[in-house]
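Residue-level listing of the chains:
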Amino acid sequence: MTTYNFESIKIGFIGGGNMASAIGAGLIRKGIFDPNNVWVSARTNKTLGFWTELGAHATLKNGEVYDNCDVIFLSVKPQMLNDALDGLKATIKKEKHSPLFVSVLVGIPLDTLHNKLKEIVNYPKNYPRIIRCLPNTPMMVGEGITVYCSLNTTKEDEDMIRTLFSYIGITESVPESVMNAIGGLSGSGPAYAYLVIEGLADGAVKMGVPRPMATKFAAQVLVGAGKMVLETGRHPGQLKDEVCSPGGTTITGVHAMECGQVRASMMNAVEAAVNKSIKMSSEMK
């Protein structure tokens, strides 16, 4: 894999909210990005104050991000994309410019992004270069998941993005056909995990454990269980069976969970998120 000096690459974010913070702010704090080479645009100064404190360039004009950056993350809410691109087109000054666009917008496919971006500037053939990726917020603590697919990109583009996201978690190239399905797992999954942590902690509190201790231990349970799956390579069912002694406390608890249809609820949650993503994709075309 190619080694990159990200301190010399000018990075932009159109949209400075949670996902931009998870990527940009996380990498600034790790020393991967030079904040002086980061431009961020947002609709309000309230959002931009956070970035100004980090030392990044903050602006209300999306065109300034485009004019100054080599790599531009589209990190607005999906339903705000058209407004963001209208603002971009209205404030561009540097027309002879072909940055790499990296979309983190859920549910918006490459062909839709291509058609919308082509309307902004009269790009030459095989442009704009676009990478569509689905990261998740645990990138902020270096434990993210990012999957991506691309259009009109070079090997160098993809190597750069893969290297970038490797600093804050695991990353993998996937066919676009499975992007929505993976998003229902990895993109939405942290929210499901937080519900599990909260539920486990509530159970411990009910049985007399102080709330701070219960929350800390519940969170560590998920961290430890996840590492066991990843590092041992064993099936989750096998690891579960190894904890469940015959007639013991754990199998009794597992039975209670099965009565509550926990696995079915998790499957339904992923399916619901994927179906919503598919609907958003069709609405944006």
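Residues numbered from 1 in each chain as written. Predicted model: local features only at pLDDT ≥ 70, side-chain atom pairs only at ≥ 80, totals over all residues. Heavy atoms only, no water.

> So what exactly am I meant to see when it comes to the overall build of the chain here?
Broken down by element type, the chain carries twelve helices and eight strands. A principal-axis box enclosing the C-alpha atoms of the chain has dimensions of 70 × 40 × 35 Å. As displayed, the chain has an accessible area near 15,600 Å², and 57% of this comes from carbon and sulfur atoms. Where the 28 positive side-chain charges of the chain centre and where its 26 negative ones centre are 3 Å apart. (Helix = DSSP H or I, 4+ residues; strand = E, 2+ residues; numbered from the N terminus. Areas by Shrake-Rupley, 256 points an atom, 1.4 Å probe, with all protein chains shown as cover. Lys, Arg positive; Asp, Glu negative; His and termini not counted. Charge placed at Lys NZ, Arg CZ, Asp CG, Glu CD.)

> Sorry if this is basic, but what is going on with the pattern of salt bridges here?
Where charged atoms of side chains with opposite charge meet at close range, the side chains can pair. Applying the stated criterion across every chain yields a total of eight salt bridges. In this structure, E242 and R234 form a salt bridge, with 3.1 Å as the shortest nitrogen-oxygen distance. For E242, a relative accessible area of 47% corresponds to the partly exposed category. Judged by relative accessible area, R234 falls into the partly exposed class, the value being 29%. We note a salt bridge from E258 to R263, for which the minimum N-O separation is 2.6 Å. Looking at R263, the relative accessible area reads 57%, which means it is exposed. (Salt bridge = Lys/Arg side-chain N within 4 Å of Asp/Glu carboxyl O. Buried < 20%, exposed > 50% of the residue type's maximum accessible area, 1.4 Å probe, protein only.)

> Explain the sheet that holds strand β6 (residues 129–134) to me, please; I cannot follow it from the model alone.
The strands that make up a sheet pair up through hydrogen bonds in the backbone, lying either parallel or antiparallel. Pairing in this open sheet of eight strands is mixed, and the strands run β3-β2-β1-β4-β5-β6-β7-β8 from one edge to the other. Edge positions in the sheet fall to β3 (57–59) and β8 (169–173), since each has one partner strand and no second. For this sheet, the mean inter-axis angle between neighbouring strands, taken without regard to orientation, is 20°. Note that strand β7 (residues 144–151) and β8 share five bridges and pair parallel. Residue I145 lies in a different strand from β8, and its bridge partner there is I170. The strands touched by helix α5 (residues 110–118) within the sheet are β4 (71–74), β5 (100–103), β6 and β7, with β6 carrying the most contacts at an inclination of about 140°. (Pairing = 2+ DSSP bridges. Axes fitted to C-alpha atoms, helices over the stretch in contact; angles between N-to-C directions. Contact = heavy atoms within 4.5 Å.)

> Looking at this structure, I do not really get the state of the cysteines. What am I missing?
A covalent bond between the sulfur atoms of two cysteines is referred to as a disulfide. Taken as a whole, this structure holds zero disulfides when the rule is applied. Note on C149: no disulfide assigned, nearest cysteine sulfur contributed by C133 at a separation of 9.0 Å. Taking the relative accessible area as the measure of exposure, C149 reaches 6% and is therefore buried. (Disulfide = S-S within 2.5 Å.)

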